[in-house]
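A closer look at the structure
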Amino acid sequence: MNVWTTDRLAGAGLALFSLGVIWENRKLPMGTLREPGPGYMPLLLALLLLLFSLLIIAAAGEAQRLRATSWTEWRHAVAILGICFFAAPALERLGYRLTILVALAFVLKVVERKGWVATAAFAFGMSFGTFFLFETLLRVPLPRGPFGL
Amino acid sequence: MLETFQNLYLGFSVALAPAVLLYAFVGCVIGTLVGVLPGVGPLAGISLLLPATFGLDATKALVLLAGIYYGAMYGGSTTSILMRIPGETASVMTCIDGYAMTRNGRAGPALAIAAVGSYIAGTVSVVALMVLAPPLASFALRFGPPEYVGLLLLGLLVLAYMSGGSMRKSLAMAALGLLLGMVGLDHMTGFLRFAYGVMELGDGIGIVPVAVGLFGVSEILLSAGQATPPEVFKPRLRDLPPSRQEWRDSWGPIGRGTVLGFFIGIIPGSAHVISTFVSYALERRLSKHPERFGQGAVEGVAGPESANNSATSGSFVPMLALGVPAGAIPAVLMAAMMVHGVSPGPLLIEQQPALFWGFIASMYVGNLVLLILNLPLVGLFVNLLRIPYHFLYPAIIAFCVLGVYAVNSSVVDVLIMAAMGLLGYLLRKLNFEVAPIVLGVVLAPLLEMSVRQSLAMSGGSYAIFIERPIAASLLLVGLGLLLLSLWPLLRRAGDWRRAVGLAGQPMFEEEEK
């Protein structure tokens, strides 16, 4: 039981999540077995998830050791996720073009360490090009920021 | 029969209209690109292009999105054969013998057999879809809420049983998806669940941010920072024709792959992926020289490629006839139909015959377009892979943000996509499958509503699920599958899924990219 395997970690995470849902679910009316309320199905599903999580943990010994899992790409992963989380609030404040411009420039210059010219050309091309394609030609509504950008 | 031909005539009159033809062509081209590019599977491709269809009518939108779906099935084989990189998950098996054929100097024939096999399978399976969907839809009119409960539970159990890896892990993922599907308004009482004051969550968690996050973003998180792709082989047009022996060896696998793929496609789950594994195992079992498999056997390309294209049409059967998606991709297509005011299900064929038969006819046209497109232009598509990945993945991320935002003009959806990307990345690193989560999110509201309506019908008696023959039969089959999955554990007996490479391998998610 001392060895952490991929299944043991995932099972523990899922079990914690299901316990969290069960805790939060107490705010919802449960109804009765014959007439279920809005809290009935989430509770049932959270209990099922808890059961499967415990089964996963119980059989986790055969799974791959956690130490054997390679995480070499984690720096890229963190940077990309950071960009996604940045893009969400920025879209309606900076507008689509500026948000994508900043995000792509960050990836290419900071993460991929490309030159200024390549970074600028790619970031401008992608942000303004996709805006033109989707907003202007395909009429997909995209947000505009300061100065109508 | 005469009625079917009349309907098909109606369908072709819709599908051959210049505008619809154009959208079928555009869908096929985009689909091929999506299939060729590693990191953008058909699911992410369809999700991202969904907002671009908002200005179109339902027929054109559906024809375009379906074109992307089967175009991706064609395109995925190109990179599998030439670079040993599956453009999408259903092409994993093609890598083995397709790439071996390339190494043996037979890349052209491998591509030609894959394209012809895909064309034959695609066309034959559309005939089967045309024949099977209308009677199934008539039968489904007898379905009430208890039958839908049986059908949905069976669907989830089949998905878990047929998926790679252990059933408990797949069921845990399905339960997680169902739980995520509980977020939002409870339609029977008007209660808001797990919304925490976020207005956008009132309508629940959307399928598009979940699908793009779990498949598109997580794929980029896994593959960015990895080694550069290998050398790209570029076949010439004159190298494409297969030899007479290669044709002879391919007809049987193409025929078997077509039949197998269609019927596996109907079953809920990652059907097109499973069909390729089963087809490959079957061809190897039937071969007089199984030792050739892995060394460049043309049967190892013909069978799986036919099977995955046939499964694509098969997966439309439950979606169109029952209104129940057989997997994550039909689920997104179904969401797209609903956005356009079309309700897939038993009444679709009766109420919107032009849309249904136009869609069927467009699939014939699309398959022909793909055959013409794929062979002569293969060199052009392969050039895409010469784009350095450090430029490609930021572009894909930009498309993900754009596509997800544009569906509802909601920044909350972009946040959900990012969170799902993180979840998908972690789960895939830990060898879990994410497809059941997507299906769970889609099915959750329907399942809950059906359970509660059933209980309202029966005055609170759960016996309604076993008193009605169709519901009882569906639940019985589900129970049987559950017991079947336990059988190898109890007896330590051979599991047929292991024999065909389905069990114990995280094949859908961890394939070489």
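In the block above lies the structure referred to throughout.
Summary of the structure given here. The numbers attached to residues start from 1 for each chain and follow its sequence in the written order. Key to labels: chains lettered from A, ligands numbered from 1, both in the order written. Reporting of local features is limited, given that this is a predicted model, to residues whose pLDDT is at least 70; pairs of side-chain atoms are given and counted only at 80 or more, and all residues count toward the totals for whole chains, interfaces and linings.

Some words on the overall build of chain B
- When helices and strands are counted, chain B shows 23 helices and 2 strands.
- Counting the 513 residues in chain B, one finds 64% classified as buried.
- Each residue gets a C-beta atom placed from its backbone, and two residues are in contact if those atoms lie within 7 Å. Of the contacts made within chain B by residues no fewer than 6 positions apart, 80% connect residues no fewer than 24 positions apart. Segments assigned H or I by DSSP are reported as helices when at least four residues long, segments assigned E as strands when at least two residues long, and all are numbered from the N terminus. Using C-beta atoms placed from the backbone, we call a residue buried if 20 or more other C-beta atoms fall within 10 Å of its own, exposed if 12 or fewer do, and partly exposed for counts in between.

A few points about helix H4 (residues 58-83) of chain B
Residues and elements named next belong to chain B.
- End to end, H4 covers 37 Å across 26 residues, agreeing with the expected 38 Å (1.5 Å per residue, within 8%).
- Where H4 bends most, the angle comes to about 25°, and this point is alanine 72.
- Taken across its 26 residues, H4 has 25 buried, putting it largely inside the fold. Expected span, for any helix, means 1.5 Å times one less than how many residues it has. Across the chain, bend at a residue is computed as the angle between axes fitted to the seven residues ending at that point and the seven starting from it.

Side note on the interface of chain A and chain B
- Contact with chain A, which involves 53 residues of that partner, is made by 53 residues of chain B.
- Counting residues per element, the ones that place at least two in the side of chain A that touches chain B are helix H1 (6-24), helix H2 (40-58), helix H3 (74-94), helix H4 (96-111) and helix H5 (116-137) of chain A.
- By residue number, the principal contributor to the side of chain A that touches chain B is H3(A), which donates 13 residues.
- Residue polarity is assigned by list, with Asp, Glu, Lys and Arg as charged and Ala, Val, Leu, Ile, Met, Phe, Trp, Tyr, Cys and Pro as nonpolar; anything else, Gly included, falls into the polar class. In the side of chain A that touches chain B, the residues fall into 37 nonpolar, 8 polar and 8 charged.

A look at the nonpolar core
- Buried Ala, Val, Leu, Ile, Met, Phe, Trp, Tyr and Cys residues form a nonpolar core when they are connected through C-beta atoms within 7 Å. Counting residues in each nonpolar core, the largest one holds 224 residues, and the members touching the most others are Leu65(B), Ala211(B), Val332(B), Val414(B) and Val438(B).
- Broken down by element, the residue count for this core peaks at 18 residues, all from helix H6 (residues 107-140) of chain B.
- Residue ranges assigned to each domain were obtained from an automatic or database domain assignment. Formed jointly, this core draws a minimum of three residues from each of two domains, domain 1 (6-68) and domain 2 (74-148) of chain A.
- The contact partners of Val414(B), leaving out residues within four places of it in the chain, are Ala87(A), Ala88(A), Leu91(A), Val401(B), Val404(B) and Tyr405(B).

Things to note about unusual backbone geometry
Residue and element names in this part refer to chain B.
- Although it is not a glycine, phenylalanine 194 adopts a positive phi angle of roughly 50°.
- Here phenylalanine 194 is to be found in the loop between strand E2 (192-193) and helix H9 (207-223).
- The phi dihedral of serine 409 is positive, around 50°, even though this residue is not glycine.
- Relative to the helices and strands, serine 409 resides in the loop between helix H18 (389-408) and helix H19 (411-429).
- According to the C-beta neighbour criterion, serine 409 is partly exposed, with 14 such atoms within 10 Å.

Some thoughts on the environment of Phe128(A)
- Mapping Phe128(A) onto the fold places it in helix H5.
- Under the C-beta neighbour-count criterion, Phe128(A) is labelled partly exposed, with 15 such atoms within 10 Å.

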